[in-house]
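What follows is each chain in one-letter form.
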Amino acid sequence: MRKIIGAFIAAILVEIAIFIVVGKVMGVFTTLLLIILTSVIGVIIAKKQGMQSVRNLQNSISKGNPPGVAIIDTFLIFVGGVLLVTPGFLTDIVGFTLIIPFTRKLYKPAIFYWLRKKLKNGQVFIVHR
């Protein structure tokens, strides 16, 4: 938990530093406009990708296939959308990498590793009905 709080505080400090640098280079109005523009564009892309991901999830379930990859895609797109709405350049960069399909693939091995570790330790379990 301390690592998460520390990472959160570090990210906030980095975002503030980036705001200051970009504000000095581009001006305050342009910086604010850029933040709003990236948020709007990001939300539009996240909505489109999210709806497609939900359809893929429904298709997997209807075909009787395990929806594991589709659930992870949907989760990553959701987190990416939240990061894009959050003001900041660093969060926008990470958010865009989470919603764009070819960069989203970079995060999947880490999530699968984390899930396997949790399953092995008994911290996560799957209920069969």
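First, a word on scope: everything that follows refers to the structure included in this document. All residue numbers refer to position in the chain's written sequence, counted from 1. Given that the model is predicted, a residue must reach a pLDDT of at least 70 before its local features are reported, and side-chain atom pairs must reach 80 or more before they are shown or counted; all residues, however, enter totals for whole chains, interfaces and linings. As a rule here, side-chain values cover all heavy atoms of the structure and leave hydrogens and water aside.

Considerations on a nonpolar patch on the surface
Here is the rule: Each patch is built from residues lacking any salt bridge and having more than 30% relative accessible area; the joining distance is 9 Å for like charges and 5 Å for nonpolar side chains (Val, Leu, Ile, Met, Phe, Trp, Tyr). Where accessible areas are quoted, they stem from the Shrake-Rupley method and a 1.4 Å probe; at the residue level, only the protein chains shown are allowed to cover. By salt bridge we mean one thing: a side-chain nitrogen of Lys or Arg within 4 Å of a carboxyl oxygen of Asp or Glu. Numbering of helices and strands starts at the N terminus; helices are DSSP runs of H or I of at least 4 residues and strands are runs of E of at least 2.
A cluster of nonpolar residues, Met1, Ile4, Ile5, Phe8, Ile9, Ile12, Leu13, Ile16 and Ile20, forms a patch on the protein surface that exposes about 950 Å² of accessible area. In this fold, Ile12 is placed in helix H1 (residues 2–26).

With respect to the packing of helix H2 (residues 28–63) against helix H4 (residues 89–99)
Note the threshold: Here the axes come from fitting lines to C-alpha atoms, over the contacting stretch only for helices, and the angles between their N-to-C directions go from 0 to 180 degrees. Any angle that falls under 35 degrees is termed roughly parallel, while one over 145 is termed roughly antiparallel, one within 65 to 115 roughly perpendicular, and all others oblique. Whether a crossing is left-handed or right-handed is set by the direction in which the near helix is turned from the far one by less than a right angle, anticlockwise for left-handed and clockwise for right-handed. Contacts are assigned to residue pairs with any non-hydrogen atoms lying within 4.5 Å of each other.
Axis separation between H2 and H4 bottoms out at 10 Å; the angle between their running directions is 20°. Comparing the axis directions of H2 and H4 gives the class roughly parallel. Handedness of the crossing formed by H2 with H4: left-handed. Mapping the contact onto sequence places Thr31, Leu34, Ile35, Thr38, Ile41, Gly42, Ile45, Ala46 and Gln49 in H2 and Phe89, Asp92, Phe96 and Ile99 in H4.

Comments concerning the environment of Ile45
Using the following cut-off: The classification of residues rests on relative accessible area computed with a 1.4 Å probe and restricted to protein chains. Under 20% of the type maximum is buried, over 50% is exposed, and intermediate values are partly exposed.
Note that Ile45 resides in helix H2. For Ile45, a relative accessible area of 31% gives the class partly exposed. The sequence separation of Ile45 and Ile100 amounts to 55 residues, and the corresponding C-alpha distance is 8.4 Å. Residues in contact with Ile45, not counting those within four places in the same chain, are Phe96 and Ile99.

Here's the deal with the pattern of salt bridges
Going through the model one piece at a time under the given rule, you end up with two salt bridges. A salt bridge links Arg104 to Asp73; the nearest nitrogen and oxygen atoms lie 3.4 Å apart. With Arg104 in helix H5 (residues 101–104) and Asp73 in helix H3 (residues 68–85), this pair connects stretches of sequence that are 31 residues apart. Summarising the burial analysis for this pair, Arg104 and Asp73 share the class buried.

Considering H3
Here is the rule: Here, expected helix span is obtained from the residue count minus one, scaled by 1.5 Å.
The terminal C-alpha atoms of H3, which comprises 18 residues, lie 26 Å apart, in line with the 26 Å expected from a rise of 1.5 Å per residue. Burial in H3 covers these residues: Ala70, Ile72, Asp73, Leu76, Ile77, Gly80, Gly81 and Leu84. Close packing links the buried residues of H3 with H2, H4, H5 and helix H6 (108–121).

A closer look at the side chain of Glu15
Let me state the cut-off plainly: Within 3.5 Å is the distance limit for a polar contact, defined as a pair of N or O atoms, with the added protein rule that one can donate a hydrogen and the other accept it, and that residues adjacent in sequence qualify only through two side-chain atoms.
Following the sequence through the fold, Glu15 ends up in helix H1. A polar atom in the side chain of Glu15 sits 2.7 Å from the backbone nitrogen of Thr91. Among residues more than four places away in sequence, those in contact with Glu15 are Gly88, Phe89, Leu90 and Thr91.

Quick notes on the packing of H2 against H3
Where H2 contacts H3, the axes come no closer than 9 Å and their chain directions differ by 165°. In terms of axis orientation, H2 runs roughly antiparallel to H3. Along this stretch, H2 crosses H3, giving a crossing that reads as left-handed. For the pair H2 and H3, the contacting residues are Thr38, Ser39, Gly42, Val43, Ala46, Gln49, Gly50, Ser53, Val54, Asn56, Leu57 and Ser60 in the first and Ala70, Ile71, Asp73, Thr74, Ile77, Gly81, Leu84 and Val85 in the second.

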